[in-house]
Amino acid sequence: MKFKTTLMATTAAVMVMGAGFAYADAHATHPETGEVLASDQTFTYRVLDESPSIDPGLIEDVSGSEVGRDLFEGLMNQDEEGNLVPGVATGYEISDDGMTFTFTLRDNAKWSNGDPVTANDFVYAWRRAADPELASPYSWFLSLMSIEGVDDVLAGDAPLDTLGVSAPDDHTFVVQLTTPLPYFPQMTTHATTFPVHQATVEAHGSEWTRPENIVSNGAYVLTEHVPQERMVRERNEMYWDNDNTIIDKVVSLVINDENVALTRYLAGELDRTEVPTGQYPRLSEEYPDEALSFPRLCSYYYNVNVREDGPAWAQDQRVRQALSLAVNRDVIVENVLAGGQFPAYTFTPETTAGFNVPDVPIASMSQDERNAMAVELMAEAGYGPDNPITTEILYNTSEGHRQIAIAISQMWKQTLGMEVTIANMEWQTFLEARGNGDFDISRAGWCGDYNEASTFLDLLDSGSGYNDAGYASAEVDEILAAAKTAGSDAERAEIYTRVEQIAAEEVPIIPIYHYTGVYMLDDDVANWPVNNVEQNWYSKNLYKVAN
Amino acid sequence: MYSYIARRLAVAVPTILVLIIISFILMHSAPGGPFNSERPLPPQVLANIEAKYGLDQPLWKQIVTYVWNVVVHFDFGPSFQYKDRTVNDVIAQGFPVTLTYGFWSFIIAVGVGVSLGIAAALRHNSWLDYLAVGFTIGAQALPNFVMGPILILVFTLWLGLLPGGGWNGGQWNYVIMPVIALSTSYMASIARITRSSMLEVMNSGFIRTARAKGLPMNRIVLRHALKPALLPTLSYLGPAFVGMVTGSVVVDIYFSTGGIGQYFVNSAFNRDYSVIMGITILVGVLTIFFNLVVDILYAWIDPKIRY
Amino acid sequence: MFPNKQTADNLLEAAQVAEVRGRSLWRDAADRFLKNKAAVGALITLILIGIFALFGDLIAVWNNEEIDWGIMGQIAQKGAPSIANGHYFGADELGRDLYSRTVQGTRISIMVGVVGSVIAVVVGTLYGAVAGYFGGRIDNIMMRIVDILMAIPFMFVLILMLVIFGRSIFMLFVGIGLISWLDMARIARGQTLNIKNKEFVEAAVATGVRPFTIILRHIVPNLLGIVVVYATLLIPGLILTESFISFLGLGVQEPNTSLGALISAGAGQMQYGVIWQLYFPLFFFLVTLFAFFFVGDGLRDALDPKDR
């Protein structure tokens with residue numbers, strides 16, 4: 001009798017406990033919002049192509065950066081709004097002259113093999129990234145960071161330890177710059193600045209990023225990598241903030257064709273994919289909770305070849321203005337792209353931090369007014385249907401670029417009577433032609449490397465290596481240089497506005513639209529950082545709700 | 001015959017060498033390079049990395065170094081695009097994939113194609129003939145890049161039977177759709193050539209004799225007509241097999257299989273010289289080998305063919 | 001029974017008439033071809049398509065590059081085929097008239113198909129026949145050249161051509177011509193190996209006919225059956241290769257288009273409710289192919305001396 005009672009009691013207790021566990025397991029709730037979480041916390045998304053590398057020193061593409069942010073953690077992170085929050089560093093101090101940054105590292109950050117993350121890991125990683133032996137594709141970014149001695153180290157003229165980084169103790173990391181950069185801390189969210197585990201790199205060489213070798217300090221570790229097919233990263237128990245990480249597993253699938261990706265998304269194989277060009281209106285009607293569009297820090301524009309040896313008509317400012325006026329950006333944004341993009345009358349997107357969009361006259365006219373003015377300007381310059389300009393738009397082979405080029409060529413034809421052909425080239429040939437100034441008009445796109453206007457406007461500097469239009473204006477060069485040493489954000493904002501006004505008048509480039517991120521995102525994926533224009537998203541901040 | 005084979009194998013070596021030299025020159029003459037990107041490297045870094053990979057050497061020296069590495073160390077070099085991998089890694093991972101679905105496509109294309117071709121020829125100008133011809137034309141005319149998305153639409157989205165892509169180590173449900181997409185393009189050609197050649201053979205003198213002798217039709221077909229009829233098909237099969245096995249780029253792109261066809265096109269666009277050369281050599285070796293096999297099969301089919 | 005003058009006169013007339021109307025083997029072949037209803041039907045279809053391609057734009061309302069701003073952006077709703085707004089075949093994804101684009105695309109694609117297969121037939125057959133007939137070292141060298149050409153990354157050849165010669169339709173044909181003959185050469189060589197051992201060739205050799213005459217007069221006509229069939233099989237592949245070449249920037253440039261490009265664009269839009277963008281170009285592609293195939297079959301049947 002006693003035994004039976006005990007047995008029944010025990011069984012009951014076990015059942016209650018079991019049920020309790022089961023309930024708790026199947027119905028975990030988010031600690032802050034209280035939403036019920038799904039039992040399967042796996043996030044699967046599509047990438048266009050296999051990344052060349054996921055080694056922080058070698059990461060060069062967007063997909064690689066996404067993997068990098070999950071596997072590794074840098075000094076600072078970004079929150080959902082794009083603001084800086086502590087990463088491995090709990091905070092930083094700036095010296096009075098603005099050229100020395102001292103980062104204090106937390107003492108509980110660990111690598112996935114248990115080793116503590118120390119300042120030396122950062123020193124090693126930054127030196128390695130600047131090492132000419134590694135030849136990082138992001139060497140130019142390190143130069144941009146203006147670290148002391150970086151250019152000499154990159155050139156191979158100085159040894160690695162002359163780079164302006166040091167670790168006075170295990171939890172202090174000091175960076176010495178050559179010029180006071182106000183946006184320097186933002187740059188530490190970039191993958192190139194992430195730490196690497198020295199012993200692993202030295203033991204395995206270029207194979208250290210394989211799943212069986214890799215050691216990482218981020219919220220996830222790499223568990224599977226099948227090139228051209230998939231990459232799987234899973235929870236890193238050693239991560240200092242592991243308790244707050246909800247997503248257990250992240251899978252990225254390589255799918256080249258965007259239409260096939262959409263089909264597989266609809267079949268439930270993916271949680272996130274890009275919306276194919278022009279499909280957003282239809283998809284947002286059919287799947288209103290899943291189709292997303294939000295601003296991104298990128299600009300799409302056409303270069304006009306204003307070099308000395310470029311076309312003669314390109315030297316005439318009136319012609320260039322007419323070209324820009326005759327582009328019906330609303331048609332492009334609404335009919336061709338239809339993804340909620342923003343028509344651009346200035347180069348820098350409106351959403352850039354610390355930037356005030358100037359009121360350029362062209363922006364507030366109606367398209368009919370613009371067309372009329374364009375025809376007038378062309379006539380003044382001596383061109384028109386009876387004396388047409390013949391030109392060619394160069395673009396790299398892609399469906400989207402082709403459609404926009406067709407639309408714009410038709411606009412110029414019909415409004416200005418020009419003879420416009422369009423020509424496509426495969427990527428490398430295109431880069432050569434564009435870089436050498438072998439074009440009349442060429443297509444270009446630029447994404448900001450950090451959230452500040454100079455990342456765009458520096459392209460207009462005559463010394464910039466990305467100034468494909470060949471634009472040279474002494475005034476612009478002067479005030480851009482002044483912006484670097486300006487004292488306050490307000491001063492800089494004024495300078496940037498001024499540069500945009502000059503650019504709107506002289507039209508070395510024709511801004512067309514500002515990008516948006518247009519995605520299909522499963523409605524059970526929560527907390528996507530739609531307000532982060534740089535789209536630096538971290539899997540550890542996401543979670544899946546139960547439906 | 002053995003001396004013939006030996007001679008052919010001996011000639012294969014200089015053939016591959018010529019292939020390497022021509023491809024190398026072509027590759028380096030195209031504009032751009034592996035380290036050319038929208039955000040260019042600082043000039044000194046670029047110079048350093050080119051020196052590291054030996055790209056600053058004169059072309060003939062690069063060719064010699066490359067051939068030496070391949071022949072002596074079997075080292076095809078590092079990939080310029082995929083920094084953590086070598087060409088050997090790329091091919092070791094991608095080739096088995098392509099070989100698997102290529103092989104099955106081949107079996108199906110030949111099996112179905114030859115059977116259809118023979119059946120159509122034997123029932124010349126009957127409804128079976130027209131149906132077979134119609135089917136093969138339809139299958140071939142529907143290009144890969146139309147069939148791929150359609151297959152995924154039907155089997156993944158609408159029916160939910162098969163995964164929409166990936167390879168998963170070659171599990172059968174990942175292999176089916178690539179095989180269908182690839183085999184249909186070749187099936188038609190094989191059927192047509194077999195049918196045409198079968199018709200010619202069936203009208204020839206020795207078959208007429210066999211029929212006059214009263215032999216049953218399947219004996220005539222299998223024992224007398226088939227071998228000579230297969231000769232043109234065989235000529236086609238050599239390059240067809242190489243084509244299937246070195247990749248259908250379209251299949252790789254739409255089904256995300258990770259095969260070498262896609263690697264080849266991607267590396268050409270990225271100017272990843274070592275991967276391009278590695279796959280070119282692979283294609284060259286396979287082409288030479290299969291053409292040799294086909295030539296030997298000619299001799300087996302037609303006893304009068306001697307080299 | 002005895003011939004009287006009338007009968008004799010009749011006979012003489014008949015004999016003269018019969019004499020004038022000579023009979024050659026080619027004539028026989030033409031007759032057989034014309035009796036083959038399917039082949040004749042296909043030939044007529046081809047002619048109709050040719051007329052469509054050449055003169056179709058006479059009845060077009062829109063030209064092939066003008067964007068219809070009114071329907072742009074709402075193609076799924078407003079871009080369907082209709083006689084009313086002049087878009088007989090509907091509009092493509094940018095609002096351009098699909099009818100005139102299909103007309104122009106068919107023109108280019110047929111030219112590409114025909115030029116490519118003619119080059120394949122002429123160059124490939126001769127090359128293969130010569131290699132197969134002479135055998136030995138000549139065969140070896142010629143075929144190894146083919147092997148090399150098959151293995152070379154063709155893309156670089158095209159890119160170099162673009163860089164050196166600039167882009168033009170002519171370059172497209174050169175590009176197509178460079179690769180279309182390789183497979184044909186192998187097939188022709190294989191068949192030649194078989195044919196050259198036949199008795200009539202032996203007889204020709206014995207009577208001292210020169211090798212090239214043997215090749216042209218004896219071997220090539222017997223190859224024609226397979227060659228014609230394979231040539232028609234090449235055409236869809238060439239049309240599709242052209243779209244790859246245009247992808248590199250070498251081939252047909254906007255606003256010109258080709259069936260391959262139209263089909264490719266239509267296939268991408270397939271699930272978005274604009275199925276006409278795929279349907280019409282694919283229809284013309286298929287019909288052209290069927291027509292070529294049946295003509296090819298008819299030719300094969302006609303040229304085969306044994307098929308009575």
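My aim in this report is to walk through the structure given alongside it, one point at a time. (Residues numbered from 1 in each chain as written. Chains lettered and ligands numbered in written order. Predicted model: local features only at pLDDT ≥ 70, side-chain atom pairs only at ≥ 80, totals over all residues. Heavy atoms only, no water.)

## A closer look at helix H7 (residues 172-202) of chain B
With 31 residues, H7(B) extends only 40 Å from end C-alpha to end C-alpha; this falls clearly short of the ideal 45 Å at 1.5 Å per step. With 27 of 31 residues buried, H7(B) is to be regarded as a mostly interior element. (Helix = DSSP H or I, 4+ residues; strand = E, 2+ residues; numbered from the N terminus. Expected span 1.5 Å × (residues − 1). Buried < 20%, exposed > 50% of the residue type's maximum accessible area, 1.4 Å probe, protein only.)

## A short note on the nonpolar core
Of all hydrophobic cores here, the largest spans 327 residues; its most connected members are A:Phe43, A:Trp126, A:Ile147, A:Phe173, A:Tyr302 and A:Trp412. It is helix H10 (residues 211-247) of chain C that provides the largest number of residues to this core, a total of 17 residues. Setting aside residues up to four positions removed in sequence, A:Ile147 forms contacts with A:Trp126, A:Leu142, A:Leu163, A:Gly164, A:Val165, A:Val175, A:Gln176, A:Leu177 and A:Thr178. If you look at the next biggest cluster of nonpolar residues, it comprises 14 residues, including C:Ile75, C:Ala91, C:Trp276 and C:Phe284. (Core = buried A, V, L, I, M, F, W, Y, C linked by side-chain atoms within 4.5 Å. Contact = heavy atoms within 4.5 Å.)

## Here's the deal with the side chain of A:Thr172
Residues and elements named next belong to chain A. Examined against the element boundaries, Thr172 turns out to sit in strand E7 (residues 172-176). Reaching out from Thr172, the side chain makes a polar contact with the side chain of Asp169 at a distance of 3.0 Å. When sequence neighbours within four positions are dropped, the list of residues in contact with Thr172 reads Thr102, Phe103, Ala119, Ser166 and Ala167. (Polar contact = N/O pair within 3.5 Å; in protein donor to acceptor, adjacent residues only side chain to side chain.)

## Digging into empty space enclosed by the protein
Residues and elements named next belong to chain A. This structure, assessed with the given rule, holds eleven cavities of 30 Å³ or more. Put simply, the largest cavity is a space of about 80 Å³. Surrounding the largest cavity, Tyr45, Val47, Asp49, Glu50, Ser51, Ser63, Val67, His225, Arg230, Met231, Ser252 and Val254 form its lining. Going through the elements one at a time, strand E1 (42-47), helix H2 (62-71), strand E9 (230-235) and strand E10 (249-254) are the ones with two or more residues in the lining of the largest cavity. Each residue belonging to the lining of the largest cavity can be placed in one class, and the counts come to five nonpolar, four polar and three charged. (1 Å grid on protein atoms, 1.4 Å probe; cavity = no way out; pocket = protein on both sides within 12 Å on 5 of 7 lines; lining within 4 Å. Points joined across faces, edges and corners; volume = space filled by probe spheres on them. Nonpolar A, V, L, I, M, F, W, Y, C, P; charged D, E, K, R; others polar.)

## A word on the packing of helix H4 (residues 87-122) of chain B against helix H12 (residues 273-301) of chain B
Residues and elements named next belong to chain B. Interhelical geometry of H4 versus H12 gives an angle of 50° and a closest axis separation of 9 Å. In terms of orientation, H4 and H12 fall into the oblique class. Regarding H4 and H12, the two cross each other, and that crossing is right-handed. From H4, Val87, Val90, Ile91 and Phe95 reach across to H12, where they touch Ser274, Val275, Gly278, Ile279, Leu282 and Leu286. A class-by-class count of the residues in the contact of H4 with H12 yields eight nonpolar, two polar and no charged. (Axes fitted to C-alpha atoms, helices over the stretch in contact; angles between N-to-C directions. Parallel < 35°, antiparallel > 145°, perpendicular 65-115°, else oblique. Left-handed = near helix turned anticlockwise from the far one by under 90°.)

## Looking at the pattern of salt bridges
For the coordinates displayed, the defined rule picks out 36 salt bridges over all chains. A:Asp271 is paired through a salt bridge with A:Lys544; the nearest N and O atoms lie 3.0 Å apart. Here A:Asp271, found in the loop between helix H8 (258-266) and strand E11 (272-274), pairs with A:Lys544, found in strand E19 (residues 543-544); they are 273 residues apart in sequence, far enough to count as distant. Neither residue differs from the other here; A:Asp271 and A:Lys544 are each classed as buried. C:Asp57 serves as the salt-bridge partner of C:Arg107, at 2.9 Å between the closest nitrogen and oxygen. Taken together, the residues span a long stretch of sequence, with C:Arg107 in helix H5 (residues 98-134) and C:Asp57 in the loop between helix H3 (37-55) and helix H4 (75-78) at a distance of 50 residues. According to the relative accessible area criterion, C:Asp57 is partly exposed, its value standing at 37%. Within the structure, one salt-bridge network assembled from shared partners comprises B:Arg8, B:Asp295, C:Asp139, C:Arg186 and C:Arg189. (Salt bridge = Lys/Arg side-chain N within 4 Å of Asp/Glu carboxyl O.)

## Describing the side chain of A:Asn305
Residue and element names in this part refer to chain A. Looking at where Asn305 falls in the secondary structure, it is placed in the loop between strand E12 (291-304) and helix H10 (317-326). Assessed through its relative accessible area of 1%, Asn305 is described here as buried. In this structure, Asn305 is in contact with Gly310, Pro311, Ala314, Gly437, Phe439, Asp440 and Ala469, ignoring residues within four places of it in sequence.

## Focus: the packing of H5(C) against helix H8 (residues 169-195) of chain C
Residue and element names in this part refer to chain C. Interaxial distance between H5 and H8 falls to 5 Å at its minimum, and their mutual angle equals 40°. Overall, the two elements H5 and H8 adopt an arrangement that is oblique. Here H5 runs over H8; the crossing is right-handed. Across the contact of H5 with H8, the residue classes break down as 20 nonpolar, eight polar and one charged.

## Regarding unusual backbone geometry
Residues and elements named next belong to chain A. Phi at Gln228 is positive, roughly 65°, even though this residue is not glycine. Structurally, Gln228 is set in the loop between strand E8 (220-226) and E9. For Gln228, a relative accessible area of 1% translates into the label buried. The phi angle at Gln535 is positive, at roughly 55°, despite the residue not being glycine. Note that Gln535 resides in the loop between strand E18 (525-526) and E19.

## Digging into the interface of chain C and chain B
Each partner contributes to the interface: chain C provides 55 residues, whereas chain B provides 61 residues. Interface area for chain C against chain B, summed over the two sides, is near 5100 Å², with a carbon-plus-sulfur share of 70%. Our count for the contact surface shared by chain C and chain B stands at five salt bridges. Across the pair B:Asp295 and C:Arg186 runs a salt bridge whose closest N-O atoms are separated by 3.4 Å. Between the two partners, chain C and chain B, sit eight residue pairs in polar contact (both at pLDDT 80 or more). Secondary structure elements with two or more residues in the side of chain C that touches chain B: helix H6 (136-151), helix H7 (154-165), H8, H10, helix H11 (259-268) and helix H12 (276-303) of chain C. In terms of residue count, the dominant contributor to the side of chain C that touches chain B is H12(C) (eleven residues). (Buried area = accessible area lost by both parts, 1.4 Å probe.)

## So, the environment of B:Pro163
Among the structural elements, B:Pro163 can be located in the loop between helix H6 (144-158) and H7. Residue class for B:Pro163 comes out buried when judged on its relative accessible area of 15%. The spacing of B:Pro163 and B:Asp302 is 139 residues in sequence and 46 Å in space, taken between C-alpha atoms. Excluding anything up to four places from it in sequence, B:Pro163 contacts A:Glu269, B:Thr156, B:Asn173, B:Tyr174 and B:Met177.

## Quick look at the state of the cysteines
Residue and element names in this part refer to chain A. Using the criterion set out here, one finds one disulfide over all chains in the structure. Here Cys298 pairs with Cys447 through a disulfide, and the sulfurs are 2.0 Å apart. Taking the sign of the S-S torsion, about 100° here, the bridge from Cys298 to Cys447 comes out right-handed. Separated by 149 residues along the polypeptide, Cys298 in strand E12 and Cys447 in strand E16 (residues 441-447) bring together distant segments of the chain. For Cys298, a relative accessible area of 3% corresponds to the buried category. The partly exposed category is assigned to Cys447, whose relative accessible area is 28%. (Disulfide = S-S within 2.5 Å.)

That is the geometry; function is a separate question.
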